[in-house]
Amino acid sequence: MFMPRFLGLFCQQNSRSTLRIFSPLPIRRHSCTYFIGGSEPGLPKEAKAILHSLASNWSDVEDSKALEVIQLKGAMTNAVYQINWPTEREMLPRKVLLRIYGEGVEVFFDRDDEIRTFECMSKHGQGPRLLSRFSNGRVEEFIHARTLSAHDLRDPEISSLIAAKLREFHDLDMPGQKNVFLWKRLRNWLSPAKQLCSPEEVTEFRLNVMEDEINTLENELSKENSWIGFCHNDLQYGNIMIDEETRTITVIDYEYASFNPVAFDLANHFCEMSADYHSETPHILNFNKYPGSDERKRFIRMYLGSPGDKANELDEDQLVQEVEKYTLASHLVWGLWGIISEHVNDIDFDYMEYARQRFQQYWLRKSALLGSGVP
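Residues numbered from 1 in each chain as written. Predicted model: local features only at pLDDT ≥ 70, side-chain atom pairs only at ≥ 80, totals over all residues. Heavy atoms only, no water.

Take the overall build of the protein chain next. Each helix and strand counted, the protein chain has 10 helices and 14 strands in total. For the protein chain, the residues scored as buried account for 56% of the 375 residues in total. In the protein chain, the proportion of contacts linking residues at least 24 apart, taken out of those at least 6 apart, comes to 71%. Accessible surface, the protein chain: about 16600 Å² in total, of which carbon and sulfur atoms supply 47%. (Helix = DSSP H or I, 4+ residues; strand = E, 2+ residues; numbered from the N terminus. Buried < 20%, exposed > 50% of the residue type's maximum accessible area, 1.4 Å probe, protein only. Contact = heavy atoms within 4.5 Å. Areas by Shrake-Rupley, 256 points an atom, 1.4 Å probe, with all protein chains shown as cover.)

Put into structure tokens, the structure is as follows:
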């Protein structure tokens, strides 16, 4: 929920992602601390050795041990550091991102799966390159790009770039069985959500009937003969970066990534256009900003027009309709996420109100999208 500024650099966090370095934007609040020299406070010995080894292989680094450690405060699940080394002739410093894994994320995703995904994405040339690993963390490439804003998602040029990148992402040949994970995730999250809620909250959010709702959605949407691809599942603007010079889009942070119907990923991205996590009320969604029919069709058209054999096999209108139905699944996913997050996160964000809005939108739109005959 903040963008602290330090030494001409910025770090950003929102409610669903860890901190990320990006190029200058207007700042809000919070601060970061930094340490210079060989002290490297709090860094594991393994990490120190790897950092020194990496820098020793760079000819422009004067002293591999003369590093600057900038601790990025407030990361949700990890301790994140920017590591700088001075270079010869006062050139720009060498930079990497050091990530030390946190605890307590098991309820949302499997850390081992996330690590495997990151490594595979790195090999595919997607996102930051993996520079090295150690027992409880990793060293990543520092991306020189800026994180998108809520406004950027509505920019026609940027939107078309996102659509093309998303098609490329969905077509990645990732290892493992290509089984839909959406319904399992919903059921996995429903149980802890019910346990963490008070009886009054269980009633308010209709959690006692939520298993039936999940079953209904799965039965109805499984009839669509959906195209299954490797999905990011959290395509909010904070997880998308752009290089201003090359106009290259990079999708980051793969904690929730899995195989799913691509219509779900598209639906989730459209829903995120209702959010502005850097406003004065970051938990409030404005569904009047949900993209209209023409905007959705334009995005789908750009998506299908990207290179790929399936482009001519899918009917544009059919995919647009399927995406709209999967917005219902998106509301349930992030509604349950909001309930759980209220009890496991200390970030200044009204998770319960966020969950309340997602569930309200689900019940508001269900009949129109699935038909009055659906229970």
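A regular strand carries its side chains on alternate faces of the sheet. Relative to strand β9 (residues 137–141), strand β8 (residues 130–134) is paired through 4 bridges, and the arrangement is antiparallel. Note on β9: the bridge partner recorded for Arg 133 is Arg 138. Taking the residues that link successive antiparallel strands as the turn, the β8-β9 hairpin has 2 residues. (Pairing = 2+ DSSP bridges.)

Considering all chains together, one arrives at 18 aromatic pairs under this definition. With centroids separated by 5.5 Å and ring planes inclined at 50 degrees, the aromatic side chains of Phe 205 and Phe 359 adopt a geometry described as tilted. With Phe 205 in the loop between α5 (199–204) and α6 (210–221) and Phe 359 in helix α10 (residues 351–370), the pair connects residues that are 154 residues apart, well separated along the chain. For Phe 359, a relative accessible area of 3% gives the class buried. Between Tyr 277 and Phe 349, the ring centres sit 6.4 Å apart and the planes meet at 55 degrees, which makes this aromatic pair tilted. Highlighted residues: Tyr 277 in the loop between α7 (262–272) and α8 (293–305) and Phe 349 in the loop between α9 (316–344) and α10, separated in sequence by 72 residues. On the basis of relative accessible area, Tyr 277 is assigned to the buried category, the value being 1%. Linked through ring pairs, Trp 189, Tyr 237, Tyr 256, Tyr 277, Trp 334, Trp 337, Phe 349, Tyr 351 and Tyr 354 together constitute an aromatic cluster. It is Arg 167 that lies over the ring of Tyr 303; its NZ or CZ is 5.7 Å from the centre. (Phe/Tyr/Trp six-rings, centres within 6.5 Å; stacked < 30°, edge-to-face > 60°. Lys NZ or Arg CZ within 6 Å of the ring centre and 35° of its normal.)

Right, let's talk about unusual backbone geometry for a bit. Here the phi dihedral of Arg 206 falls at roughly 55 degrees; this positive angle occurs in a residue that is not glycine. The topology assignment puts Arg 206 in the loop between α5 and α6.

For the pair α6 and α10, interaxial distance at closest approach is 13 Å and the crossing angle is 40 degrees. The two elements α6 and α10 cross, and the hand of that crossing is left-handed. When α6 is examined against α10, the residues Met 210, Glu 213, Leu 217, Glu 220 and Leu 221 are found in contact with a partner set consisting of Phe 359, Tyr 362, Trp 363, Lys 366 and Leu 370. (Axes fitted to C-alpha atoms, helices over the stretch in contact; angles between N-to-C directions. Left-handed = near helix turned anticlockwise from the far one by under 90°.)

Function-wise, these values are silent; they only describe arrangement.
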